Amino acid sequence: MKKSCNFLFYSQVLILLILFVAVNSQLTTDFYSKTCPNVLKVVRKEVQNAIKNEMRMAASLLRLHFHDCFVSGCDASVLLDGNSTTSEKFTPANLNSARGFEVIDNIKTAVENACGGVVSCADILAIAARDSVLLSGGPFWKVLLGRRDGLAANISGSNTALPAPFDPLNTIISKFEAVGLNVTDVVSLSGAHTIGLAKCATFDNRLRNFSGTGAPDTTLDTTLVSELQNLCPLTSDGNNTAPLDRNSTDLFDNHYFKNLINGRGLLESDQVLFSSDDAIQTTKTLVETYSNSSQFFFSDFVNSMIKMGNISPLVGSDGEIRKNCRVVNSNN
């Protein structure tokens, strides 16, 4: 009886493993090798042009992929135009914040000229994110491809699933776990903040009356507090920007983690990875490891990006290949 139970158990495990491999193998690195063999070169050229025009665009394109995958999976839903009831662009996480849509339009046009109706907007986001990292001095990885585009935005998901700059660490971890990512992914993907800028509105809560204390956030370096108070006066509209990784703004490296150790993380959601009570048991050691080794950071970042790109992709006959990334084909 015991042998038959063990056989049944291992058979079930084997079936689950086969199903897991089958689902994940639907995305492949050579998905367009016959249908659009030059797609990677076409996307790379457009991303290069965009970054040459504005260095910040690398961070913006990387962020678009992140904001896409956390809401209904990597289906390009974040790119859909509309209004406050039909488009993720109008949710608090994206409004006046998510950017780079015109660059994606340019990439899509170039790709369509090379091979019309073949490459999804979701895959374009994934490739552009990889190229943005690489062209900023970060690591290379082979992007898994074969995603299809979603048919609708997910407003409620965009409102609840995306980590916010004011979230405590346990909330951030929970949001990652909800899409199948773990604590290592939290820290390594937060390292994307080694490039890019943030508006005063995302961090000025730390500068004066943090959590009702009447004083700045004590985990923020006092010299940096003064600089940021000047940048973000009380009369500010909140739109001034500061580098997420001070003194290494445009280079994709491990300097972001060195800043956290020195109390110079810009966003509350950055600094909690090292300074919060919860960090001692969860994320602090990883921050220290990455601050000492760009190799460890790059390796984990690549693994986490591949995992994130595998969140609930539409494959096979699900979804569609949008002709225009901003609208579903039926409205084109």
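Here is what the cut-offs are and how they apply
Residues numbered from 1 in each chain as written. Predicted model: local features only at pLDDT ≥ 70, side-chain atom pairs only at ≥ 80, totals over all residues. Heavy atoms only, no water. UniProt positions renumbered as here; feature names shortened; annotations may be inferred. Domains from an automatic or database assignment. Contact = heavy atoms within 4.5 Å. Buried area = accessible area lost by both parts, 1.4 Å probe. Salt bridge = Lys/Arg side-chain N within 4 Å of Asp/Glu carboxyl O. Polar contact = N/O pair within 3.5 Å; in protein donor to acceptor, adjacent residues only side chain to side chain. Helix = DSSP H or I, 4+ residues; strand = E, 2+ residues; numbered from the N terminus. Nonpolar A, V, L, I, M, F, W, Y, C, P; charged D, E, K, R; others polar.

- Where an unreviewed UniProt entry is consulted, the protein chain appears under the name Peroxidase, with the organism given as Nicotiana tabacum.
- Recorded in UniProt under Subcellular location (unreviewed entry), the annotation for the protein chain is "Secreted".
- UniProt, in its Catalytic activity (unreviewed entry) section for the protein chain, records the words "2 a phenolic donor + H2O2 = 2 a phenolic radical donor + 2 H2O".

## Details of the domain arrangement of the protein chain
- When cut into domains, the protein chain gives domain 1 (38-160) and domain 2 (163-292).
- Computed from C-alpha coordinates alone, the two centres of domain 1 and domain 2 are separated by 24 Å.
- Contacts between the two partners involve 14 residues from domain 1 and, on the opposite side, 13 residues from domain 2.
- Both faces considered, domain 1 and domain 2 share a buried interface measuring about 1,200 Å² in area, 71% of it formed by carbon and sulfur atoms.
- On the domain 1 side of the contact with domain 2, Arg 56, Phe 70 and Ser 136 bury the most area, a combined 43% of that side's loss.
- Linking domain 1 to domain 2 there are zero salt bridges.
- For the pair domain 1 and domain 2, the interface holds two residue pairs in polar contact (both at pLDDT 80 or more).
- Looking at the side of domain 1 that touches domain 2, the element that brings in the most residues is helix H3 (residues 57-69), giving four residues.
- Classifying every residue of the side of domain 1 that touches domain 2 by side-chain character gives eight nonpolar, five polar and one charged.

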